[in-house]
Amino acid sequence: MIDPQLLRNDTELVAQRLRTKRHEFDVERFQALESQRKQLQVESEDLQAKRNAKSKEIGKIKAQGGDVDAIKSEVAAFADRLKAAQGELAQVQESLLAITDVMPNMPHESVPQGNSEDDNIEVLRWGTPGQFDFPVKDHVDLGQDANAMDFETATKIAGPRFVVMRGELVRMHRALIQYMLNTHVEEHGYEEVYAPYLVNQASLIGTGQFSKFADHDLFATQSEDGYYLIPTAEVPVTNIVRDSLLSEQELPKKWVAHTPCFRREAGSYGRDTRGMIRQHQFEKVELVQIVHPSESYDRLEELTLNAEAILQGLELPYRKVVLCGGDLGFSAAKTYDLEVWLPGQDAYREISSCSNFEAFQARRMKARFRSNSKKTELVHTLNGSGLAVGRTLLAIMENFQQADGSITIPEVLRGYMGGRSQIFETK
RNA sequence: GGAGAGGUGGCAGAGCGGCUGAAUGCACCGGUCUUGAAAACCGGCAAGGGUUAAUAGCCCUUCGUGGGUUCAAAUCCCACCCUCUCCGCCA
């Protein structure tokens, strides 16, 4: 949610900045509705003030034993007007909400112009893609050849975009989760959090995944509770601070959580249908920070480095890009994507997305803190994958594959793998 | 699932339908005192919104949520949600 004051006072500026995010809204209509809102709100609050004053008079007159019939009919006279004004006001506000509710966050001024991922700007390349003196396989062939990855069975059990994994590959998957969590807790100062995988609508609205007026990419339960499966741990973890008033000393909050994530991927038919790149269910280790507004951009750099540390620890070549305006998500003001090198695709693919949401989520969530100067202010929220576990697993498979189809285990994972150095060894 | 109790400001906890936006305590902020601190004492301190140049004033809203009764609701009525205790069930 964009600051309503800013939106009112500087509508053109907001419209202009949202254009870099390829979001258009009808400025004239907004301003017309806004002036109606103002007039109606002033009118109805004025009538309420009058009613309150008269009611107090009645109380006093009655206390003195006077007659109140005359003044009562006076109140009744403008009760209808009040009701009408309030009704109209509610309608205008609903119309305004239809505009503002689908309005994405404004990009930070450092965000490059552009329409699509082709316009993202690379800021860093780490590591060198390995050279192979044999034909490389992708993770699907590697996994299936070792009888460790089974898409057909998953389709039977559930449907497309699921996987069944078996044996030592699953152990490496689990090792990755441990490695990521331990690193963020022990070296980066995050507190580990366990939170619900089913959430209510208010939480999804809070972090911006859900709007009354927009489509969403979520699995909903059929139960009367109205629960949704989380698309990312960002939702339950960030919503810890929803409807709360923190003290300044409590900031920053740094949380890390491992959860499964569930996404319908409704808008991506035909994309990444092969393999484990895009699944309905995947594991992710997520970093969340709740910070003082003055330091959120420093924290974004830090959080991104925390995610990068995992890729570096695993010796996976990657690059870091700043998303251009057109590629930015709904709630984000600035996002770094980390893209890991996948030999099987001969391309860098997204493995982490680290964003600063500024006060956009905080305003929706009513997540505030009392500053040392006694004022209440909205916090800034950030999050990033640290990392997507499934994609990390397949990146290791593809980058560390050997000619015989076995896979070398990265050094840092060996302690979690019984000290072994390879999986898929041919007996 | 059955029975009972309860949801009020950052926290705890009062609150006859009008004098209650809300006692009191804690926490917090300012001051007196002190070499400094603590204690004691004095004073201040809810949030959100509107209007506005204003973080000044004024006004509106809010006592779990939504509806209702009334000139007037934290207080009365209805529905729902949540929490706690006991019993049952259960990883």
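Our structure is the block above this text.
Anyway, here's the lowdown on the structure attached to this text. (Residues numbered from 1 in each chain as written. Chains lettered and ligands numbered in written order. Predicted model: local features only at pLDDT ≥ 70, side-chain atom pairs only at ≥ 80, totals over all residues. Heavy atoms only, no water.)

Attention now goes to the overall build of chain A. Within chain A, the regular secondary structure consists of 12 helices and 17 strands. Expressed along its principal axes, the backbone C-alpha trace of chain A runs to roughly 100 × 45 × 40 Å. A buried classification covers 49% of the 427 residues belonging to chain A. Across chain A, every contact between residues at least 6 apart in sequence was considered, and the portion connecting residues at least 24 apart equals 72%. Seen as two clouds, the 50 positive and the 63 negative side-chain charges of chain A have centres 6 Å apart. (Helix = DSSP H or I, 4+ residues; strand = E, 2+ residues; numbered from the N terminus. Buried < 20%, exposed > 50% of the residue type's maximum accessible area, 1.4 Å probe, protein only. Contact = heavy atoms within 4.5 Å. Lys, Arg positive; Asp, Glu negative; His and termini not counted. Charge placed at Lys NZ, Arg CZ, Asp CG, Glu CD.)

Think of two packed helices as two axes; the pair is described by the angle between the axes and how far apart they sit. Their axes nearest at 11 Å, the elements helix α2 (residues 11–19) and helix α3 (residues 27–63) cross at an angle of 145°. The handedness of the crossing between α2 and α3 is right-handed. Across from T11, E12 and A15 in α2, the residues of α3 making contact are V27, F30 and Q31. Considered class by class, the residues forming the contact of α2 with α3 number three nonpolar, two polar and one charged. (Axes fitted to C-alpha atoms, helices over the stretch in contact; angles between N-to-C directions. Left-handed = near helix turned anticlockwise from the far one by under 90°. Nonpolar A, V, L, I, M, F, W, Y, C, P; charged D, E, K, R; others polar.)

Counting across every chain of the model gives seven aromatic pairs. Ring centres of F132 and F134 lie 5.5 Å apart, and the angle between their planes is 75°; on these two criteria the pair is classed as edge-to-face. A residue is classified by how much of its surface remains accessible, and F132, at 24% relative accessible area, is partly exposed. The ring of Y336 carries the charged tip of K320 above its face, separated from the ring centre by 5.0 Å. (Phe/Tyr/Trp six-rings, centres within 6.5 Å; stacked < 30°, edge-to-face > 60°. Lys NZ or Arg CZ within 6 Å of the ring centre and 35° of its normal.)

Within the secondary structure, V379 sits in the loop between β14 (376–378) and β15 (380–388). With relative accessibility at 0%, the residue V379 sits in the buried group. When the C-alpha atoms of V379 and I290 are compared, they prove to be 6.6 Å apart, with 89 residues separating the residues in sequence. When sequence neighbours within four positions are dropped, the list of residues in contact with V379 reads L246, L251, I290, V291, E358, A359, A362, A367, R368 and F369.

On the surface, a cluster of negative charge is made up of E117, D118, D119 and E350. Structurally, D119 is set in the loop between α4 (69–100) and β1 (121–126). (Patch = residues over 30% accessible without salt bridge, like charges linked within 9 Å, V, L, I, M, F, W, Y side chains within 5 Å. Areas by Shrake-Rupley, 256 points an atom, 1.4 Å probe, with all protein chains shown as cover. Salt bridge = Lys/Arg side-chain N within 4 Å of Asp/Glu carboxyl O.)

As a further point, take the sheet that holds strand β11 (residues 334–342). Taking strand neighbours across the sheet as the criterion, the eight strands line up as β1-β10-β11-β12-β15-β9-β8-β4 in an open arrangement whose pairing is mixed. Each edge of the sheet is formed by a strand with only one pairing partner; in this case those strands are β1 and β4 (191–192). The strands that helix α10 (residues 296–313) touches are β1, β8 (253–262), β9 (281–291), β10 (318–322), β11, β12 (347–356) and β15; relative to β15, the one it contacts most, it runs at about 10°. Contacts from helix α12 (residues 389–399) reach β9, β11, β12 and β15, with the element oriented near 40° to β15. (Pairing = 2+ DSSP bridges.)

Here we come to the pattern of salt bridges. Tallied over the entire structure, the rule returns 24 salt bridges. When the shortest N-O distance is used, the salt bridge between R37 and E34 registers 2.1 Å. Of this pair, R37 and E34 are both found in helix α3, three residues apart, which corresponds to roughly one turn of the helix. Take R37 and E34: they sit in the same class, and that class is buried. The shortest N-O distance in the salt bridge between E411 and R414 comes to 3.8 Å. Residue class for E411 comes out exposed when judged on its relative accessible area of 54%. In this structure, a network of salt bridges that share partners links the residues E122, R125, R319 and E339.

This part takes up α4. Taking 1.5 Å per residue as the helical rise, α4 with its 32 residues ought to reach 46 Å, and the 46 Å between its terminal C-alpha atoms agrees with that figure. All buried positions along α4 are accounted for by I71, V75, F78, L82, A85, L89, V92, L96 and I99. Structurally, α4 contributes buried residues whose contacts are with α3. (Expected span 1.5 Å × (residues − 1).)

We now examine the protein's contact with RNA strand B. For RNA strand B, the set of nearby residues contains 21 residues, the closest of which are R8, R37, S55, K62 and T376. Backbone sugar and phosphate groups make up 70% of those atoms of RNA strand B lying within 4 Å of the protein. The contact in question runs from a sugar or linking oxygen of RNA strand B to an N or O atom on the side chain of Q48, over 3.0 Å. Between N52 and RNA strand B, the recorded distance is 3.2 Å, taken from a side-chain N or O atom to a phosphate oxygen. Of all the secondary-structure elements, those providing two or more residues to the surface near RNA strand B are α1 (4–9), α3, α4 and β13 (367–370). Each residue belonging to the surface near RNA strand B can be placed in one class, and the counts come to four nonpolar, seven polar and 10 charged. (Near = heavy atom within 4 Å. Polar contact = N/O pair within 3.5 Å; in protein donor to acceptor, adjacent residues only side chain to side chain.)

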